[in-house]
Amino acid sequence: MSDESVITIEIRGQEKAALKAAQRISALFLSSGPCRLRRTPGEDEVQLLVHADVSREPGEGGYLDPDEAEGAGAFLR
């Protein structure tokens, strides 16, 4: 991705906690939602990536309002 305002967040942990973290990130920022869930054989942890647009500042109307959050996760897919 070439957009300077889009970051990739790597989350590692137990699957339930990792997915919850990705959902919380998606509630704050326009994001891809959880993508590319990966498991390493023999490991308990999973890895997943979230691509988030962090161009909006909290003081500038920043984070998503509840009415904006619905469906926002699809913007990077």
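Analysis parameters
Residues numbered from 1 in each chain as written. Predicted model: local features only at pLDDT ≥ 70, side-chain atom pairs only at ≥ 80, totals over all residues. Heavy atoms only, no water. Helix = DSSP H or I, 4+ residues; strand = E, 2+ residues; numbered from the N terminus. Buried < 20%, exposed > 50% of the residue type's maximum accessible area, 1.4 Å probe, protein only. Contact = heavy atoms within 4.5 Å. Areas by Shrake-Rupley, 256 points an atom, 1.4 Å probe, with all protein chains shown as cover. Core = buried A, V, L, I, M, F, W, Y, C linked by side-chain atoms within 4.5 Å. pLDDT = per-residue confidence, 0-100. Polar contact = N/O pair within 3.5 Å; in protein donor to acceptor, adjacent residues only side chain to side chain. Salt bridge = Lys/Arg side-chain N within 4 Å of Asp/Glu carboxyl O.

**A closer look at the overall build of the protein**
Then comes step 1: Across its full length, the protein holds two helices and four strands.
Then comes step 2: When the helices and strands of the protein are read in sequence order from the N terminus, they spell out β-α-β-β-β-α.
Then comes step 3: For the protein, with 77 residues in total, the buried portion stands at 30%.
Then comes step 4: Intrachain contacts of the protein at a sequence separation of at least 6 include 62% that bridge at least 24 residues.
Then comes step 5: A total accessible area of about 5300 Å² is found for the protein, and carbon and sulfur atoms account for 48% of it.

**Quick notes on the nonpolar core**
Then comes step 1: By size, the foremost hydrophobic cluster in this structure holds nine residues: Ile11, Ala18, Ala22, Ile25, Phe29, Val46, Leu48, Val50 and Ala52.
Then comes step 2: Residue assignment for this core shows that the elements contributing at least two residues are helix H1 (15–28) and strand S4 (46–53).
Then comes step 3: Take this core: its biggest share by element is four residues, from S4.
Then comes step 4: Beyond its immediate chain neighbours, meaning those up to four positions away, isoleucine 11 contacts Ala18, Ala21, Ala22, Ile25, Val46, Gln47, Leu48 and Val50.

**A closer look at the confidence of the model for the protein**
Then comes step 1: Averaged over all residues, the pLDDT of the protein equals 76, while 69% of them reach at least 70.
Then comes step 2: Taken element by element, the protein is modelled with least confidence in helix H2 (residues 66–69), mean pLDDT 52, and with most confidence in strand S1 (residues 6–13), mean pLDDT 92.
Then comes step 3: Here residues 71–77 is a poorly scored stretch, pLDDT under 50, and it has 20 contacts once near neighbours within four places are set aside; other chains count.

**Section: the side chain of histidine 51**
Then comes step 1: Along the chain, histidine 51 turns up in strand S4.
Then comes step 2: The exposure class of histidine 51 is buried, given its relative accessible area of 9%.
Then comes step 3: In this structure the side chain of histidine 51 is engaged in a polar contact, spanning 2.9 Å, whose partner is the side chain of threonine 8.

**Concerning the pattern of salt bridges**
Then comes step 1: With the rule as written, the count across this model stands at two salt bridges.
Then comes step 2: Between arginine 12 and glutamate 10 there is a salt bridge, with the nearest N and O atoms lying 2.6 Å from each other.
Then comes step 3: Residue glutamate 10 is classed as partly exposed on the basis of its relative accessible area, which comes to 44%.
Then comes step 4: Of the charged contacts, one joins glutamate 15 and arginine 39 as a salt bridge, the two residues approaching to 2.2 Å between their closest N and O atoms. Taken together, the residues span a long stretch of sequence, with glutamate 15 in helix H1 and arginine 39 in strand S3 (residues 35–39) at a distance of 24 residues.
Then comes step 5: Classification of glutamate 15 as partly exposed rests on a relative accessible area of 29%.

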